[in-house]
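Here is what each chain is made of, one letter per residue.
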Amino acid sequence: MISTTKDTIYQTKIFDQIKDDSCGAIVSFTGLVRDHNSKGKVEGIFYEAYDEMVEEILRNIEKEVFKNWNIKKFIAVHRTGYVQVGEISVIVAVTSEHRKEAFEACSYGIENIKKRCPIWKKEKTQFGNEWIEGVKISE
Amino acid sequence: MISTTKDTIYQTKIFDQIKDDSCGAIVSFTGLVRDHNSKGKVEGIFYEAYDEMVEEILRNIEKEVFKNWNIKKFIAVHRTGYVQVGEISVIVAVTSEHRKEAFEACSYGIENIKKRCPIWKKEKTQFGNEWIEGVKISE
Amino acid sequence: MNLTEYTTLKIRLFGILREKMDSDNLIISIHNTSISLKELRKYLEELYPSLGLNEINIVFAVNKVIRNDYMNVKSSDEIAIIPPISGG
Amino acid sequence: MNLTEYTTLKIRLFGILREKMDSDNLIISIHNTSISLKELRKYLEELYPSLGLNEINIVFAVNKVIRNDYMNVKSSDEIAIIPPISGG
C-alpha cells in the first residue's frame with residue numbers, strides 16, 4: 001500500500017495492515033514532526049506534494065523493493081497538509097520472513113522517498129512560516 | 001526501557017513510550033510468531049528465559065547502543081510464556097534525530113538480543129511440542 | 001513563423017514557486033507546437049523574473065517523470081517545475 | 001581431602017535441560033570449596049548422563065555472565081547451564 005494522505009497517520013492502523021501471520025519480521029520507519037529546528041521552536045509543518053507524481057514514484061519504489069528483496073508486504077505513506085509536532089509525517093513498513101531483508105527494504109524505502117518524491121515543507125515557527133531549503137530531486 | 005514480560009506486547013504502547021517530540025525518527029523491529037515452520041503449521045510458541053540474565057544483557061546492549069549511536073530512546077522487550085501466532089515475541093524500538101542512527105541502533109539491538117540473550121523456544125505444532133534447535137550463546 | 005502555430009503550455013508550480021506567483025499554474029504561449037525544456041527555462045526566466053528561477057536549483061518533470069533540458073514538450077504534456085524537495 | 005569441606009552447588013537448568021530433568025535446578029555436592037567449570041562439566045556428565053551434556057553445545061553462566069572452562073565456581077555463585085539459545 002502506497003499513497004499520500006491528508007489524514008492523520010496512525011501507527012496502529014499501519015501495523016494492523018502490515019502484519020502477516022506467515023511472517024516473523026516487521027521493520028518500520030516513522031518520521032515525525034519535531035518540536036524544534038536549528039533556530040528555535042517549531043509548531044508544525046505544512047507539507048505540499050505533487051501528489052500524482054509522488055504516487056507514481058512510490059509505486060516505482062515499491063516495485064524496486066519487491067524486486068530486490070524477498071519481502072511480503074510494503075507500506076509507504078506520506079502525509080500532506082498541516083502536520084502538528086508529534087504527528088507522523090511519513091511511515092515506511094516492511095514485513096518479511098527474515099529481518100535482514102526487512103531492514104534493508106525499509107531503509108531503501110525511506111531513503112528513496114526523501115531523494116525522489118516531490119514534496120516540500122514549510123515550517124510554522126515562532127518567527128513565522130518558512131519554506132525549508134531542500135535538495136535537488138533525484139531521478 | 002528494557003525487560004522481559006509475561007504480558008502481551010502491544011505495538012501502540014511501545015510506540016507511545018518511544019515517541020519524543022524532540023526527535024524526528026523512530027525505527028522499530030517487531031518479531032512475531034509465524035503460523036508455520038519448515039514442517040507445517042505452528043499454533044504458538046512457548047518462550048522460556050533466564051530472566052535475570054536476559055535483563056542484565058539487555059541493560060548491556062542498551063548501554064552499548066547509547067555509547068555507539070547518538071539516539072534519544074531505546075526500548076527492547078522480549079515476551080516469555082506462551083505466545084500465539086500473530087502475537088509479538090520481541091520488539092526493539094529506537095528514537096533519534098537522524099534516521100541512519102535509528103536504523104543502525106535498532107538492527108544492532110535485535111541482532112544482539114538473538115545472539116546473547118538466554119531465551120529458548122518450544123513450538124506448539126500439529127505434531128506436538130518441540131524445542132527449537134538453537135545456537136551457542138555469544139558473550 | 002506562422003501565427004496559427006501559437007500553442008499554450010500549462011506549467012504546474014509547487015511550494016515556494018507556487019507561493020511566489022500565488023498560483024498553481026503558469027499558462028504560457030509559445031510560437032511553435034513544441035519547445036525544449038532548455039528554451040522553456042530561458043523563456044520563463046525572462047517572462048517571470050519574480051520566480052527567481054536562476055537562483056534556485058529547479059528541475060522539470062514532464063508527465064510525472066524528471067526530464068533533462070533537451071527534451072521537447074508540447075501542449076498535451078503535463079509540465080511541472082520541481083524546486084528543491086524536502087519531504088520526509 | 002577433608003570431609004568438612006563438602007560444598008553444595010546449585011545449578012540452574014533451562015529449556016530442554018530443565019524439561020529432561022523435570023527440575024529448575026540441580027543441587028550437587030563437591031569435595032572442595034570450589035571447582036573449575038571444566039571439572040563441573042565432567043562431573044555433571046558422569047552424574048547425570050540423561051542430561052546429554054556431551055551431545056549439546058552448552059555454556060556455563062556464572063552470576064549471569066558467560067564464563068569459560070577455567071573459571072572456578074563456589075557455593076555462593078549463581079551457576080546456570082545455557083543450552084543453545086533461540087530467542088527472538
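Definitions and cut-offs
Residues numbered from 1 in each chain as written. Chains lettered and ligands numbered in written order. Predicted model: local features only at pLDDT ≥ 70, side-chain atom pairs only at ≥ 80, totals over all residues. Heavy atoms only, no water. Salt bridge = Lys/Arg side-chain N within 4 Å of Asp/Glu carboxyl O. Helix = DSSP H or I, 4+ residues; strand = E, 2+ residues; numbered from the N terminus. Buried < 20%, exposed > 50% of the residue type's maximum accessible area, 1.4 Å probe, protein only. Phe/Tyr/Trp six-rings, centres within 6.5 Å; stacked < 30°, edge-to-face > 60°. Lys NZ or Arg CZ within 6 Å of the ring centre and 35° of its normal. Pairing = 2+ DSSP bridges. Axes fitted to C-alpha atoms, helices over the stretch in contact; angles between N-to-C directions.

1. Observations regarding the pattern of salt bridges
Residue and element names in this part refer to chain B.
1) Next: Tallied over the full model, the rule gives 32 salt bridges over all chains.
2) Next: With its nearest N and O atoms 3.9 Å apart, the salt bridge here joins D20 to K73. Here the residue D20 occupies a position in the loop between α1 (11-18) and β2 (25-32), and K73 occupies one in strand β4 (residues 71-79), the gap between them amounting to 53 residues.
3) Next: Judged by its relative accessible area of 16%, D20 falls in the buried class.

2. A look at the packing of aromatic side chains
The way to describe two aromatic rings as a pair is by their centre distance and the angle between their planes.
1) Next: Applying the stated criterion across every chain, the model contains ten aromatic pairs over all chains.
2) Next: Judged by centre distance (4.9 Å) and plane angle (45 degrees), the rings of F46(A) and Y82(A) are tilted. With F46(A) in strand β3 (residues 42-49) and Y82(A) in strand β5 (residues 81-84), the pair connects residues that are 36 residues apart, well separated along the chain.
3) Next: On the accessibility criterion, F46(A) (29% relative accessible area) is partly exposed.
4) Next: Taken together, the aromatic side chains of Y50(A), W120(A) and F14(C) make up a single cluster linked through ring pairs.
5) Next: Across the ring face of F46(B), the terminal group of K122(B) is positioned such that the distance to the ring centre comes to 5.6 Å.

3. What about the sheet that holds strand β1 (residues 2-5) of chain A?
1) Next: Judged by pairing direction, the sheet is mixed, and its eight strands sit side by side in the order β1(A)-β4(A)-β6(A)-β2(A)-β2(B)-β6(B)-β4(B)-β1(B) without closing on themselves. Strands at the two margins of the open sheet, each flanked by one partner only, are β1 of chain A together with β1 (2-5) of chain B. Here the average twist between neighbouring strands, direction ignored, is 10 degrees.

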